[in-house]
Amino acid sequence: MGIHNSLAVGIAAAFASVAIGAGWQVATRLGTTTSLQPVDLALLRYCIPAILLAPIWWRVRPIPANVDRRVLLAMLIGGGLPFGLLGMVGAQFAPVAHMGALLPGAMPLFVALLAAIVLGERFSVARLAGFMLILLGIAAIGARALLVRDDGAWRGDLLFLSAAFVWAIYTIAFRRSGMTPWQSSAIICLWSALFVMPLWLLSGPERVLAAPVADLVLQFIMQGIVAGVAGLWLYALAVAGIGPSRAAAIGALVPVLSAVGGAVLLGEFPDLPVMAGVVLTVCGVFLASGVLALRRAG
């Protein structure tokens, strides 16, 4: 009974993190194309959670004694400031649909590769077929950026792929760390806040002071609370409950919500290749998430 409860919690956490991930992408695209810069968003993304989660990182210490230093460093790089800046800078160049496809869409492929190498994980034929469909979906959605380079979207796409790779590193490192989701979130936000503060001061804080209040309130909520606290914790909870590959595969549903959010809120309507890519990605998620295997086991 406990195992089934753990699976149910993990699956629910994964789908909740999907909704948060899509909302974060839309908010990030909006912020970086209006009044704020990536470093401004990163300040909110990590400093606010670092303050809210202070009791946790104070209790476990900024460098937990029972966590391998190499694993901790991989978590900080993959889930912290480097990941955030790669995604936020990429949002300056490419539409939300690209971000939704290439960031969470590519992540299952990177996670599967790392899980096979580091954890010795093996995949069924159905899950391998799912990864192939996700890859085809990514190719379809990113086709325009590869063929039409004059709009600069290809730069954002490369940054999104880089962010997907480092997040895959975090996914594997967290699984090996033995930390709880709250501990992981607190430590990552603390160290990311310490590094982003000097970057923000050097970049010039006057942008934040001159930004519209509505923009700041939106980003405060989405970056600092929804994504910074709830999103990271829910994703870690999903990884703990259903494993890194399945959590990452379910996360590939983000392209659907991101494409819809970009169309409705930002007027970035996807074309036919993007729509085809979304369908392929969703089908790939169904197979790669291991849903068929879980049904047979049940």
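Because the structure is predicted, anything quoted here is derived from the model rather than measured. (Residues numbered from 1 in each chain as written. Predicted model: local features only at pLDDT ≥ 70, side-chain atom pairs only at ≥ 80, totals over all residues. Heavy atoms only, no water.)

**Concerning the confidence of the model for the chain**
At step 1: Averaged over all residues, the pLDDT of the chain is 84; the fraction at 70 or higher stands at 91%.
At step 2: Averaged over each element, pLDDT in the chain is lowest for helix 16 (residues 291–297) (54) and highest for helix 3 (residues 54–60) (95). (pLDDT = per-residue confidence, 0-100. Helix = DSSP H or I, 4+ residues; strand = E, 2+ residues; numbered from the N terminus.)

**Considering the side chain of Q223**
At step 1: Within the element layout of this structure, Q223 appears in helix 12 (residues 213–242).
At step 2: On the basis of relative accessibility, which here comes to 0%, the residue Q223 falls in the buried class.
At step 3: Look past the residues within four positions of Q223 in its chain and what remains in contact with it is W24, T28, L41, L44, R45, M88 and G228. (Buried < 20%, exposed > 50% of the residue type's maximum accessible area, 1.4 Å probe, protein only. Contact = heavy atoms within 4.5 Å.)

**Regarding the packing of aromatic side chains**
At step 1: Applying the stated criterion across every chain yields a total of seven aromatic pairs.
At step 2: Ring geometry for W57 and W58: centres 6.4 Å apart, planes at 65°, overall edge-to-face.
At step 3: Accessibility expressed as a relative area gives 18% for W57, which makes it buried.
At step 4: Judged by relative accessible area, W58 falls into the exposed class, the value being 61%.
At step 5: Each residue in the set W24, F83, W167, Y170 and F174 is aromatic and connected to the rest through ring pairs, giving one cluster.
At step 6: Geometry around W58 places R61 over its ring, the cationic atom sitting 5.7 Å from the centre. (Phe/Tyr/Trp six-rings, centres within 6.5 Å; stacked < 30°, edge-to-face > 60°. Lys NZ or Arg CZ within 6 Å of the ring centre and 35° of its normal.)

**Some thoughts on the packing of helix 7 (residues 125–141) against helix 15 (residues 272–288)**
Each pair of packed helices can be described by the angle between their axes along with the distance between the axes.
At step 1: Orientation of helix 7 relative to helix 15, taken along the N-to-C sense of each, is 165°, at an axis distance of 7 Å. As far as their axial angle goes, helix 15 and helix 7 are roughly antiparallel. For helix 7 against helix 15, the interelement crossing comes out left-handed. Between helix 7 and helix 15, the residues in contact are A126, R127, A129, G130, F131, L133, I134, L136, G137, I138, A140 and I141 and P273, V274, G277, V278, L280, T281, C283, G284, V285, L287 and A288, respectively.
At step 2: Across the contact of helix 7 with helix 15, the residue classes tally to 17 nonpolar, five polar and one charged. (Axes fitted to C-alpha atoms, helices over the stretch in contact; angles between N-to-C directions. Parallel < 35°, antiparallel > 145°, perpendicular 65-115°, else oblique. Left-handed = near helix turned anticlockwise from the far one by under 90°. Nonpolar A, V, L, I, M, F, W, Y, C, P; charged D, E, K, R; others polar.)

**Things to note about the pattern of salt bridges**
At step 1: Scanning the model with the defined rule gives three salt bridges in all.
At step 2: The salt bridge partner of E268 is R29, with a shortest N-O separation of 2.9 Å. Of this pair, E268 sits in the loop between helix 14 (254–266) and helix 15 while R29 sits in helix 1 (residues 2–32), and the two are 239 residues apart along the sequence.
At step 3: For R29, a relative accessible area of 12% puts it in the buried group.
At step 4: Taking the shortest distance from any N to any O, the salt bridge between R70 and D68 comes out at 3.3 Å. (Salt bridge = Lys/Arg side-chain N within 4 Å of Asp/Glu carboxyl O.)

**Topic: the environment of V60**
At step 1: Relative to the elements of secondary structure, V60 occurs in helix 3.
At step 2: Considering only alpha carbons, one finds V60 and M179, 119 residues apart in sequence, at a separation of 9.8 Å.
At step 3: Setting aside anything within four residues of it in sequence, one finds V60 in contact with Q183 and I187.

**Concerning the nonpolar core**
At step 1: One finds F83 and Y170 to be the most contacted residues of the largest nonpolar core, which totals 80 residues.
At step 2: Here the element with the most residues in this core is helix 9 (residues 153–177); it accounts for eleven residues. (Core = buried A, V, L, I, M, F, W, Y, C linked by side-chain atoms within 4.5 Å.)

**Observations concerning the packing of helix 6 (residues 96–119) against helix 9**
At step 1: Here helix 6 crosses helix 9 at 40°, and the two axes come no closer than 7 Å. Relative to helix 9, the element helix 6 lies oblique. Read as a crossing pair, helix 6 and helix 9 show a hand that is right-handed.
At step 2: Residues belonging to the contact of helix 6 with helix 9 are distributed by class as follows: 21 nonpolar, two polar and two charged.

**Some remarks on the environment of G277**
At step 1: With respect to the element layout, G277 can be found in helix 15.
At step 2: When its relative accessible area of 0% is taken as the criterion, G277 is described as buried.
At step 3: With residues near it in sequence (within four places) discarded, G277 still touches G137, A140 and I141.

**A short note on helix 2 (residues 38–52)**
At step 1: Over its 15 residues, helix 2 extends 22 Å from the first C-alpha to the last, a length consistent with the 21 Å expected when each residue adds 1.5 Å.
At step 2: With 13 of 15 residues buried, helix 2 lies mostly within the body of the structure. (Expected span 1.5 Å × (residues − 1).)

**Regarding the side chain of E268**
At step 1: In terms of polar contacts, E268 uses its side chain to reach the side chain of R29, at 2.9 Å.
At step 2: Those residues in contact with E268 that sit more than four places away from it in its chain are R29, P95, V96, A259, G262 and A263. (Polar contact = N/O pair within 3.5 Å; in protein donor to acceptor, adjacent residues only side chain to side chain.)

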